[in-house]
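Residues per chain, in single letters:
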Amino acid sequence: MIRFENVTKVYEQNARPALDSVSLEINRGEFTFLVGASGSGKSTFLRLILKEDKASSGSVYVAGQNVANISSWRVPKLRRGIGVVFQDFRLLPQKNVFANVAFAMQVIGKSRSIIRETVPEVLKTVGLEGKERRMPHELSGGEQQRVAIARAVVNRPGILLADEPTGNLDPITSMGIMGVLDKINQNGTTVVMATHDDDIVNEMRRRVVELKNGKVIRDEAKALYTSMIPVVGESRRLRDASGEELNRAQGAQL
Amino acid sequence: MRLLFILGEIGSGLRRNLSMVISVVLVTFVSLTFVGAAGMLQMQINQMKGYWYDKVQVAVFLCNDGSTAVGCASGPATKEQQANLQAMLESPAVKQYINDFQFESQAEAYTHFKEQFSNSPIVDSVSEDQLPASFRINMKNPEKYQIISETFSSQPGVETVSDQRQVLERIFSWMNGASVAAMGVAVVMIFCAVLLITTTIRLSAFSRRRETGIMRLVGASKTVIQLPFILEGVIAAVVGAVLASVTLWLMAHFWLNGDLSTQFLNTPFISSTQVLVIAPVLIALGAGLAGISSLLTLRRYLKV
């Protein structure tokens, strides 16, 4: 469904590339976590799939098509096949739940009758039945993210990209959101989720792709957030750093 | 559905940016009024040219009692001198340049004078014998005035040869100057209008960046995303153009054809319906300018 072939993305000349010859394939119907520190290239990875950015070298294939060959006026068609969810929900504050989801259908010219039929269905899938008339500010964070997910999948995209969808949510709410994403995945949608949330990754046990400095350093099926194969030097330094961090925090408390 | 959607977007955009939209309307209104005024002046010049050039003639004024010109040393023009001039006008050498000619006697000159200045007290202070008799020559080609002037001005009994066209030319050049000035103001104002439209569209795009961001992500086409913004600018400019057209029409109807035409009975003014010819030009100009400047702005500030 998504294939990266030696993809390198350089934003600024002389700077370290955001992605460094990444080769990766994500199959149809797969659920993949994209983990790694901030700046490791997760967002760039997602942006390249959406053709928001152009790869500096290598090719990105989405649904069998090299995105570099998609002309600018056909990019919208590519994006209709991809749903996107963000950490900050990005709902329209002056529209209610129904209108927010319907918006995604209106702008691509779906008829009113189809909208009236589809939106409640999708809202049911994400667990927001009966909240059609609520305004976004009347909803909890988890509910808002469900609206955003509903909007992302209402046009039945084959791929759902989620950029830290649980980043603003507490653990229990996050698990609820994961339930929704899982359900969407079960229905056949390929899900790629960039995250920092180790609990979720450990709970779900799905494929994990770990990026570091723009390189894939780990690609494991049914994996955990942190590698089970210790990379000695690296992990000790990490542990040291976090230990120091811990001591400082304790010192401050005392 | 999509049409309704786009209309709704335009409506909300216009509402959100109301003050900017009003300023776009006003600036296009003023600038296009100047463009239209320049156009009206040109139309007026053409109208007057067409009207006067048929009538305007070269006049060969004959000497009368008060003449001081060299050719008039022997006093008022005699019958023989007059007959001589007439013979010259009928001679083939001169005839090739003229359509026809008429003799205007002093009595006729006085009648015309009284008509022309009927409202003025000057009529009372002028008597018949103060006005010169003249030959009114209708030229085939008014540019050949020089030939007539050279032929006749040295003849005995001729006071002066005057090309009445020159008087009109002065008026026309004045009107031309006014229309160039109006055009100059219009150009500056149009420049302002373009900048203002650009800013308005930029603001509008900025205030709706959430919507457009989402539209982009869910795969709305470029048209659906950009059209509302472009139409917003175009609608504002067209409203301005319509206001300008109405203003010009009112000016033509109540001022030119009302006040001025009663004051200057002999002047042919353009009619208010003729002004309507300018209106579509103004509207197209306004819409075109707004459309192009919006489009260029969106290219820079609204990524699709």
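With an unreviewed UniProt entry as reference, chain A is termed Cell division ATP-binding protein FtsE, source organism Paenarthrobacter sp. AMU7. The record held by UniProt for chain A lists under Subunit (unreviewed entry) the comment "Homodimer. Forms a membrane-associated complex with FtsX." According to its UniProt record, chain A has this under Sequence similarities (unreviewed entry): "Belongs to the ABC transporter superfamily."

Another point: the interface of chain B and chain A. Listed as interface residues are 19 residues of chain B and, on the opposing side, 26 residues of chain A. Note on chain B versus chain A: buried area summed over both sides is about 1900 Å², and carbon and sulfur give 60% of it. Here chain B and chain A share one salt bridge between them. Here Glu52(A) ties to Arg216(B) by a salt bridge, and the two come within 2.9 Å at their closest N and O atoms. Put simply, chain B and chain A have four residue pairs in polar contact (both at pLDDT 80 or more) between them. For the side of chain B that touches chain A, the element with the highest residue contribution is helix 8 (residues 209-217) of chain B, accounting for six residues. Of the residues that constitute the side of chain B that touches chain A, the class distribution is 10 nonpolar, two polar and seven charged.

What follows concerns helix 6 (residues 171-186) of chain A. Residue and element names in this part refer to chain A. Its 16 residues place the ends of helix 6 22 Å apart at the C-alpha level, agreeing with the 22 Å of an ideal helix rising 1.5 Å per residue. Within helix 6 the residues assigned to the buried category are Ser174, Ile177, Met178, Val180, Leu181, Ile184 and Asn185. Looking straight down helix 6, one finds its buried side chains confined to an arc of 160°; they lie on one side. Turned more than 90 degrees away from the buried face of helix 6, the exposed residues are Ile172 and Gln186. Packed against the buried residues of helix 6 are strand 3 (31-35), helix 5 (141-153), strand 7 (159-163), strand 8 (190-195) and helix 7 (198-204). For helix 6, the N-terminal cap is Asp170; the gap from its side-chain oxygen to the backbone nitrogen of Ile172 is 3.1 Å.

Let's shift gears to the environment of Ser221(B). The topology assignment puts Ser221(B) in the loop between helix 8 and helix 9 (222-263). Owing to a relative accessible area of 18%, Ser221(B) belongs among the buried residues under this scheme. Setting aside residues up to four positions removed in sequence, Ser221(B) forms contacts with Pro76(A), Arg80(A) and Arg2(B).

With that out of the way, let us pick up a nonpolar patch on the surface. A cluster of nonpolar side chains, namely Val242(B), Val246(B), Leu250(B) and Phe254(B), defines an oily patch on the protein surface of about 340 Å² accessible area. Its location among the elements puts Val242(B) in helix 9.

Moving on, we get to unusual backbone geometry. Residues and elements named next belong to chain A. If you check the backbone angles, Lys51 has positive phi at about 55° while not being a glycine. A positive phi angle is found at Arg156, which is not glycine, with a value near 50°. Note that Arg156 resides in the loop between helix 5 and strand 7. The class of Arg156 is exposed, set by a relative accessible area of 55%.

All names here are of chain A. Under the criterion given, the structure shown has five aromatic pairs over all chains. Taken together, a centroid distance of 4.1 Å and an interplanar angle of 10° make the contact between Phe4 and Phe45 stacked. Taken together, the residues Phe4 in strand 1 (residues 2-9) and Phe45 in helix 1 (residues 42-49) connect sequence positions 41 residues apart. Residue classification places Phe4 among the buried positions, given a relative accessible area of 2%.

Rules used in this analysis
- Residues numbered from 1 in each chain as written.
- Chains lettered and ligands numbered in written order.
- Predicted model: local features only at pLDDT ≥ 70, side-chain atom pairs only at ≥ 80, totals over all residues.
- Heavy atoms only, no water.
- UniProt positions renumbered as here; feature names shortened; annotations may be inferred.
- Contact = heavy atoms within 4.5 Å.
- Buried area = accessible area lost by both parts, 1.4 Å probe.
- Salt bridge = Lys/Arg side-chain N within 4 Å of Asp/Glu carboxyl O.
- Polar contact = N/O pair within 3.5 Å; in protein donor to acceptor, adjacent residues only side chain to side chain.
- Helix = DSSP H or I, 4+ residues; strand = E, 2+ residues; numbered from the N terminus.
- Nonpolar A, V, L, I, M, F, W, Y, C, P; charged D, E, K, R; others polar.
- Expected span 1.5 Å × (residues − 1).
- Buried < 20%, exposed > 50% of the residue type's maximum accessible area, 1.4 Å probe, protein only.
- Arc of directions from axis to C-beta.
- Patch = residues over 30% accessible without salt bridge, like charges linked within 9 Å, V, L, I, M, F, W, Y side chains within 5 Å.
- Areas by Shrake-Rupley, 256 points an atom, 1.4 Å probe, with all protein chains shown as cover.
- Phe/Tyr/Trp six-rings, centres within 6.5 Å; stacked < 30°, edge-to-face > 60°.

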